[in-house]
Amino acid sequence: FRTIEIIVKSSPYAFATVLGIYLTGIALGSWFINDFLKIRPDTNRPRLYFGLQCAISVYVMLTYVLLVTYPVKKLIALSNTQELHPALTINIFESISAFQNGWFAYFDILLWPTIFMLVPTILMGASFPLISSITHRAGSNSGKTVGTVYFFTITGNVMGGIITGFVLLQYIGTAMTVLALCLIGLTVFSW
């Protein structure tokens, strides 16, 4: 969100768009993994789970590398010229250039969160039901198992948010925090 917020200049629509993409990705990932596990019940679930975590780290690192490429820098510069996102005041029918720039200015508020968040949230959405299915044992209490998974997931998210928000972002900045977390994800989950 911090990266997207910088690109779209704290648009009033930024949070709603980010939340919409996030929830869409989580729903798609959950739906996909459910269907996948029905088709392939003999899948090595722990290996798939760790693979999803590595894929999240790789994708996030690639999007940050993508940020420094010339075409993306040009699009970011175009986003930065707009005062409001989406910029619905641009007349896109004046010229070809106005059409290209205007079209992008209409949809940049949706484009940036989609680029940065859709794939990782799909992978995250697939991860939670997968970890629940890994921890569930035949004959065990399903409610207790899911409750335990929820407990550790929420505890990890809260602690991660506190450490990232109050320590890492403050002392090493956004880019280094993202890089450090991606490297940790690649290191831990590639074992």
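Higher on the page you've got the structure.
This one's a predicted model, so the numbers in the text were calculated from it and none came from an experiment.

**Looking at the nonpolar core**
One finds I4, I7, V8, W112 and F116 to be the most contacted residues of the largest nonpolar core, which totals 15 residues. Of all the secondary-structure elements, those providing two or more residues to this core are α1 (2-7), α2 (14-39), α4 (70-80) and α5 (96-135). Counting residues per element, this core draws most heavily on α5, which supplies five residues. In this structure, L52, L123, L130 and V178 belong to the second largest nonpolar core, which totals eleven residues.

**Overview of the packing of helix α3 (residues 45-66) against helix α6 (residues 142-189)**
Put simply, α3 and α6 touch, their axes get as near as 9 Å, and they point 150° apart. The angle between α3 and α6 falls in the class roughly antiparallel. Both α3 and α6 take part in a crossing whose hand is left-handed. On α6, the residues touching Y49, F50, Q53, C54, S57, V58, V60, M61 and Y64 of α3 are T174, V178, L179, L181, C182, L183, G185, L186 and F189. Within the contact of α3 with α6, the residues separate by chemical class into 14 nonpolar, four polar and no charged.

**Quick look at the packing of aromatic side chains**
In total, this model carries six aromatic pairs according to the counting rule given. Centre to centre, the rings of Y49 and F50 are 5.5 Å apart; their planes meet at 70°, and the pair counts as edge-to-face. Relative accessible area serves as the criterion here: at 38%, F50 is assigned to the partly exposed category. Aromatic side chains F128 and Y150 sit 4.9 Å apart centroid to centroid with 80° between the ring planes, which places their arrangement in the edge-to-face category. Taken together, the positions of F128 in helix α5 and Y150 in helix α6 put the pair 22 residues apart, joining distant regions of the chain. Ring pairs connect the aromatic residues Y64, W112 and F116, which therefore count as one cluster.

**Thoughts on the side chain of S132**
Its place among the elements puts S132 in helix α5. On the basis of relative accessible area, S132 is assigned to the buried category, the value being 13%. Not counting residues within four places of it along the chain, the set of residues in contact with S132 comprises T145 and V149.

**Brief notes about the side chain of Q53**
Tracing the backbone through its elements, the reader meets Q53 in helix α3. Not counting the four nearest positions on each side in its chain, Q53 is found in contact with S127 and F189.

**Looking at the environment of R45**
With respect to the secondary-structure elements, R45 resides in helix α3. Between the C-alpha atoms of R45 and Y59, which are 14 residues apart in sequence, the distance is 21 Å. Each residue touching R45, except ones within four places of it in the same chain, is listed here: L37, L130, S133 and I134.

Cut-offs and rules
- Residues numbered from 1 in each chain as written.
- Predicted model: local features only at pLDDT ≥ 70, side-chain atom pairs only at ≥ 80, totals over all residues.
- Heavy atoms only, no water.
- Core = buried A, V, L, I, M, F, W, Y, C linked by side-chain atoms within 4.5 Å.
- Buried < 20%, exposed > 50% of the residue type's maximum accessible area, 1.4 Å probe, protein only.
- Helix = DSSP H or I, 4+ residues; strand = E, 2+ residues; numbered from the N terminus.
- Axes fitted to C-alpha atoms, helices over the stretch in contact; angles between N-to-C directions.
- Parallel < 35°, antiparallel > 145°, perpendicular 65-115°, else oblique.
- Left-handed = near helix turned anticlockwise from the far one by under 90°.
- Contact = heavy atoms within 4.5 Å.
- Nonpolar A, V, L, I, M, F, W, Y, C, P; charged D, E, K, R; others polar.
- Phe/Tyr/Trp six-rings, centres within 6.5 Å; stacked < 30°, edge-to-face > 60°.

Bear in mind that shape data such as this cannot, by itself, settle questions of function.
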